[in-house]
Amino acid sequence: MKKNIHASNYRLVVFEDLNDGSKILTRSTIKSEETTKWEDGNEYPLVKVHISSSSHPFYTGQEKLVDIEGRVDKFKARREAAEKARQAKSAKKPAKAEKKEEKAEAQKIG
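Criteria and thresholds
- Residues numbered from 1 in each chain as written.
- Predicted model: local features only at pLDDT ≥ 70, side-chain atom pairs only at ≥ 80, totals over all residues.
- Heavy atoms only, no water.
- Helix = DSSP H or I, 4+ residues; strand = E, 2+ residues; numbered from the N terminus.
- Buried < 20%, exposed > 50% of the residue type's maximum accessible area, 1.4 Å probe, protein only.
- Contact = heavy atoms within 4.5 Å.
- Areas by Shrake-Rupley, 256 points an atom, 1.4 Å probe, with all protein chains shown as cover.
- Pairing = 2+ DSSP bridges.
- Axes fitted to C-alpha atoms, helices over the stretch in contact; angles between N-to-C directions.
- Salt bridge = Lys/Arg side-chain N within 4 Å of Asp/Glu carboxyl O.
- Polar contact = N/O pair within 3.5 Å; in protein donor to acceptor, adjacent residues only side chain to side chain.

Student: For the overall build of the protein, give the residues involved together with the corresponding values.
Tutor: Counting its regular elements, the protein contains two helices and four strands. Sequence-ordered secondary structure for the protein, helices as α and strands as β, is β-β-β-β-α-α. When each of the 110 residues of the protein is scored for burial, the buried share is 14%. Within the protein, counting contacts between residues at least 6 apart in sequence, those at least 24 apart form 34% of the total. Only carbon and sulfur atoms are counted for the fraction: they give 51% of the accessible area of the protein, which is about 9700 Å².

Student: Lay out the environment of Ser55 in plain terms, naming residues and giving numbers.
Tutor: Tracing the backbone through its elements, the reader meets Ser55 in the loop between β4 (43-49) and α1 (57-60). Measuring from C-alpha to C-alpha, the distance between Ser55 and Asn19 comes to 6.6 Å, with 36 residues separating the pair along the chain.

Student: Describe the pairing of strand β1 (residues 11-17), and please don't skip the residues or the numbers.
Tutor: For β1, the tally of buried residues reaches five of seven residues, placing the bulk of the element in the interior. Pairing analysis gives six bridges linking β1 to strand β2 (residues 23-28), with the strands arranged antiparallel. Looking at β2, one finds that Arg11 is bridged to Ser28. In sequence, β1 turns back onto β2 through a hairpin of five residues, with Gly21 there showing a positive phi of about 80 degrees. Two elements, β1 and β4, share four bridges in a ladder whose sense is parallel. Looking across to β4, one finds that Glu16 is bridged to Lys48.

Student: So, the sheet that holds strand β3 (residues 35-37): which residues are in play, and what are the values?
Tutor: The four strands are arranged β2-β1-β4-β3 in an open sheet whose pairing can be described as mixed. Pairing within the sheet leaves two strands with one partner each, and these edge strands are β2 and β3. Across this sheet, the average inter-strand angle for adjacent strands is 45 degrees, counted without regard to direction.

Student: Please provide a residue-by-residue account of the pattern of salt bridges, values included.
Tutor: Under the counting rule described, the total for this entry stands at two salt bridges. Among the salt bridges present, the one from Glu34 reaches Lys48, with a minimum N-O distance of 3.5 Å. Of the two residues, Glu34 sits in the loop between β2 and β3 while Lys48 sits in strand β4, which places them 14 residues apart along the sequence. A relative accessible area of 41% means that Glu34 is categorised as partly exposed. Look at Lys48 and you get partly exposed, because its relative accessible area is 43%. With a shortest N-O distance of 2.7 Å, Arg86 and Glu83 are connected by a salt bridge.

Student: So what about the environment of Asp20? Which residues, and what values?
Tutor: Mapped onto the elements of the fold, Asp20 is located in the loop between β1 and β2. Since its relative accessible area comes to 37%, Asp20 is described here as partly exposed. Residues Asp20 and Ser55, spaced 35 residues apart in sequence, show a C-alpha to C-alpha distance of 6.5 Å. Beyond its immediate sequence surroundings of up to four residues, Asp20 is in contact with Ser54 and Ser55. Polar contacts involving the side chain of Asp20 include one to the side chain of Ser22, which spans 3.0 Å. At a separation of 3.0 Å, a polar atom in the side chain of Asp20 contacts the side chain of Ser54.

Pasting the structure below:
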């Protein structure tokens with residue numbers, strides 16, 4: 001094995017899930033300027049995460065919508081606009097079809 005390729009500055013760090021407020025104490029090399037007191041009374045570096053296994057739908061089995069940057073709202077707005085455009089287009093088609101039928105009948109008569 002190669003030597004000196006792995007980090008050597010592991011320390012205890014608290015990760016806080018911003019969705020449900022749960023905290024996990026684990027070892028990490030991540031740097032953080034914030035600190036928090038853990039259940040044992042010691043103070044550890046704090047890293048805030050948007051989602052973790054305690055709030056992720058795959059692990060919780062719940063359909064929970066997590067939208068940080070409005071992506072879901074943008075998608076829904078695009079989908080609604082497309083649906084309206086589709087309905088407007090389908091509303092115009094029958095009118096054109098009726099005109100074609102009228103022309104066909106007029107040609108039969110004439």
